[in-house]
Amino acid sequence: MMVAAAVRRGASEAFFIGPQVQRCLMKITGMILPSLLSSKHSNSISSSSRSSSSSSSSRYKHENDASSSSFRNIDDALASFNHMIHRKPLPCIIQFTKLLSAIVKMGQYYDVVISLSKQMGLAGLSSNTYTLHILMNCFCQLQRVDLGFSALAKVIKLGLQPTIVTFNTLINGLCKVGEFAQAVELFDDMVARGCQPNVYTYTTIINGLCKTGEAAEAAGLFKKMEEAGCQPDVVTYSTLIDSLCKDRLVNEALDIFSYMKAKGISPDIFTYTSLIQGLCNFSRWKEASALLNEMTSLNIMPDIVTFNVLVDTFCKEGKVSEALGVLKTMTEMGVEPNVVTYNSLMYGYSLCTKVVEARKLFDVMITKGFKPVVFSYNILINGYCKAKRIDEAKQLFNEMIHQGLTPNKVTYNTLIHGLCQLGRLREAQDLFRNMRTNGNLPNLRTYSILLDGFCKQGYLGKAFRLFQAMQSTHLKPNLVMYTILVHAMCKSGNLKDARKLFSELFVQGLQPNVKIYTTIIFGLCKEGLLDEALEAFRNMEADGCPPDEISYNVIIRGLLQHKDESRAVQLIGEMRDRGFVADARTRLSEVG
């Protein structure tokens, strides 16, 4: 079975770029594919995200047979092109190809290369396979894969034969724009027509499958790659290892790592960083430390990404002193902290409510010349809100706007939550309105925060009006909102509305959880409706939502408070059989 079979489920059969591409593909599949060029013609593939900043690095480099000229800058290259294009007779196409290749290597002038190619055509120069590959690559880098396929049509029209480079470029282009299913289809078609993929082709597809969560399919293709006699390289192994770590399958990633080394493939910094991150996520510090030592013993020095993984993990676990130890080590090794490092440390301090230290770090970051981003401000604002220093949080909010940064939903939600926690509902409402005015539409989290604020302060009428207002938008209420309202209704003795809301859950297609069941059971017990409470309690299990320790304690306490000892004793026995224990309030009711 072809690899595409797994990916094609639910995917469109047509290419996103329309019938033109399909026609090109039909032409390709009708041709006899030529023998392959050397893999060194492969274009660049982006590796998986290496850090919380989501930066990518190219693992393969574009090369041409002819060594390209070097230029100091783009102006130097353009001057050389202008000189060449006005020479009589014109230099051969190979010389122009070298120049275009040199510009491509500068990494940002893809549109310039396309423009120069047009001028070459107008000057009467006939494109060769290399020139068209460069052009195709530029289109794909600019995320215009449709035009990349147009370049393919030109290859065919000129009587030139597509090569492995042709397919690699287009497959990579499709992956670049997220069209992984179509990339796999092109890969399968290429194989079916007898064109043998190389290590770059396989790695590109494996990377695409990993990005779409198809780790099992990626592993299957990895196996087929070896069976086909194409040996995976460090990039292939690292891509698979990184994906497994991100899927929290660290043991499987370690198995691949051991297999990789047994095959004589030396891991690189990306391999080690992915594994260290995966191990740190499970607090497997000893193994992470061993890998770090192994890495340095092989003269693979940790870079900023590796250090940031360690700093971030320590901070998320509240181990700020350990994170500071890592910071000290990295600076001693000549690796300077960046915005990601500072953000992680600020988060760690905020988690421990050491907001003063977090602010000092923020100021140090600015002194070092780093410009804080919205995320940096959000961390500090959250820290001040947790410390109930809401006015300072508001000052930071105004400061970030003054710095030209636009608050996002997280910023608004954090501040609104902080204001609601302190009962400053009027200010929270003002900020809610300000959010809408500035085009930052509230999300479900925003509504839930404000709803909870109203309910906790006893403004149930306002809560209901907000709930109804939200239903008139594109948003649909979620289980959290229903739980907030049902709890507020039960607490206030308004069981009628609580029941109505609870019944509405099923109409909305929402599955009740333990929390909302326990809430409605509490309300029913409070009103002495014990039979109905017991029915709801039994319905929990039937709905695939088994009662927990809190549920048992709530209903037993309700039964005891209404002198229904026989049924209470029965449930106490059942609760103990399940390994649950009575809490202090239940034991007190039992004694009473």
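Look a little higher up for the structure.
The notes below deal with the structure included here. Keep in mind that this is a model prediction, so the values were computed, not measured.

Digging into the pattern of salt bridges
Next up, step 1: Counted under the stated rule, the structure contains 19 salt bridges.
Next up, step 2: A salt bridge links Asp 242 to Lys 246; its shortest N-O distance comes to 2.8 Å. Here Asp 242 pairs with Lys 246, and both are found in helix 12 (residues 234-246), just 4 residues apart, close to one helical turn.
Next up, step 3: Taking the shortest distance from any N to any O, the salt bridge between Arg 424 and Asp 391 comes out at 2.9 Å. Pair noted here: Arg 424 is in the loop between helix 22 (409-421) and helix 23 (425-437) and Asp 391 is in helix 21 (residues 390-402), with a separation of 33 residues, a long-range link.
Next up, step 4: Look at Asp 391 and you get partly exposed, because its relative accessible area is 46%.
Next up, step 5: Here the residues in one salt-bridge network are Asp 391, Lys 394, Arg 424 and Glu 427, joined through shared partners.

Details of the environment of Met 136
Next up, step 1: The residue Met 136 is located in helix 6 (residues 129-141) in this model.
Next up, step 2: Taking relative accessible area as the criterion, Met 136 reaches 0% and is therefore assigned buried.
Next up, step 3: In the structure, Met 136 is positioned 16 residues away from Leu 152 in sequence and 7.4 Å away in space, judged by C-alpha atoms.

Digging into unusual backbone geometry
With the exception of glycine, most residues fall at negative phi, and the peptide bonds are largely trans.
Next up, step 1: Residue Pro 89 follows Lys 88 across a cis peptide bond; omega there is -5 degrees.
Next up, step 2: Mapped onto the elements, Pro 89 comes out in the loop between helix 3 (74-85) and helix 4 (93-104).
Next up, step 3: Positive phi, close to 60 degrees, is recorded for Ser 283, a residue that is not glycine.
Next up, step 4: The topology assignment puts Ser 283 in the loop between helix 14 (269-281) and helix 15 (285-297).
Next up, step 5: Take Ser 283: its relative accessible area is 32%, and that puts it in the partly exposed class.

Examining the nonpolar core
Next up, step 1: Counting 172 residues, the largest nonpolar core has Ile 416, Ile 521, Ile 555 and Ile 556 as its most contacted members.
Next up, step 2: It is helix 26 (residues 479-491) that provides the largest number of residues to this core, a total of 9 residues.

Notes on the layout of surface pockets
Next up, step 1: Taken as a whole, the largest pocket holds about 530 Å³ of empty space.
Next up, step 2: Along the wall of the largest pocket there are 22 residues; nearest its centre are Thr 483, His 487, Ala 488, Lys 515 and Thr 519.
Next up, step 3: When residues of the lining of the largest pocket are traced back to their parent elements, those giving at least two are helix 24 (444-456), helix 26, helix 28 (514-526) and helix 30 (549-561).
Next up, step 4: Sort the elements by how many residues they give to the lining of the largest pocket and helix 26 lands first, with 7 residues.

Details of helix 4
Next up, step 1: In this model helix 4 runs 16 Å from its N-terminal to its C-terminal C-alpha over 12 residues, within 8% of the 16 Å that 1.5 Å per residue would give.
Next up, step 2: Counting buried positions along helix 4 gives 9 out of 12 residues, so the element sits mostly inside the fold.
Next up, step 3: Taken together, the buried positions of helix 4 are occupied by Ile 93, Phe 96, Thr 97, Leu 99, Leu 100, Ser 101, Ala 102, Ile 103 and Val 104.
Next up, step 4: Of the surrounding secondary structure, the elements contacted by the buried residues of helix 4 are helix 3, helix 5 (110-122) and helix 6.

Observations regarding the packing of aromatic side chains
Next up, step 1: For the structure on display, the rule yields 15 aromatic pairs.
Next up, step 2: For the pair Phe 81 and Phe 96, a centre-to-centre distance of 5.7 Å together with 75 degrees between the ring planes defines the contact as edge-to-face. Highlighted residues: Phe 81 in helix 3 and Phe 96 in helix 4, separated in sequence by 15 residues. In terms of burial, Phe 81 and Phe 96 fall into one category: buried.
Next up, step 3: Judged by centre distance (6.4 Å) and plane angle (55 degrees), the ring pair of Tyr 237 and Tyr 259 falls under tilted. Of the two residues, Tyr 237 is situated in helix 12 and Tyr 259 in helix 13 (residues 250-262); the sequence distance between them amounts to 22 residues.
Next up, step 4: Judged by relative accessible area, Tyr 237 falls into the buried class, the value being 1%.
Next up, step 5: Residue classification places Tyr 259 among the partly exposed positions, given a relative accessible area of 33%.
Next up, step 6: Cluster of aromatic residues (ring-pair linked, three or more members): Phe 222, Tyr 237 and Tyr 259.
Next up, step 7: When the ring centre of Phe 282 is taken as reference, the NZ or CZ atom of Arg 248 above it lies at 4.3 Å.

Overview of the packing of helix 15 against helix 16 (residues 304-316)
Next up, step 1: Two numbers describe how helix 15 lies on helix 16: the axes approach to 13 Å, and their chain directions differ by 165 degrees. By the angle between their axes, helix 15 is roughly antiparallel relative to helix 16. Two packed elements cross with a definite hand, and for helix 15 against helix 16 that hand is left-handed. Residues Trp 285, Leu 292 and Met 295 of helix 15 form the contact with helix 16, whose own contacting residues are Thr 306, Leu 310, Thr 313 and Phe 314.
Next up, step 2: When the residues that make up the contact of helix 15 with helix 16 are grouped by side-chain class, the tally is 5 nonpolar, 2 polar and no charged.

What counts, and at which threshold
Residues numbered from 1 in each chain as written. Predicted model: local features only at pLDDT ≥ 70, side-chain atom pairs only at ≥ 80, totals over all residues. Heavy atoms only, no water. Salt bridge = Lys/Arg side-chain N within 4 Å of Asp/Glu carboxyl O. Helix = DSSP H or I, 4+ residues; strand = E, 2+ residues; numbered from the N terminus. Buried < 20%, exposed > 50% of the residue type's maximum accessible area, 1.4 Å probe, protein only. Core = buried A, V, L, I, M, F, W, Y, C linked by side-chain atoms within 4.5 Å. 1 Å grid on protein atoms, 1.4 Å probe; cavity = no way out; pocket = protein on both sides within 12 Å on 5 of 7 lines; lining within 4 Å. Points joined across faces, edges and corners; volume = space filled by probe spheres on them. Expected span 1.5 Å × (residues − 1). Contact = heavy atoms within 4.5 Å. Phe/Tyr/Trp six-rings, centres within 6.5 Å; stacked < 30°, edge-to-face > 60°. Lys NZ or Arg CZ within 6 Å of the ring centre and 35° of its normal. Axes fitted to C-alpha atoms, helices over the stretch in contact; angles between N-to-C directions. Parallel < 35°, antiparallel > 145°, perpendicular 65-115°, else oblique. Left-handed = near helix turned anticlockwise from the far one by under 90°. Nonpolar A, V, L, I, M, F, W, Y, C, P; charged D, E, K, R; others polar.

Keep in mind these numbers describe shape, not what the thing actually does.
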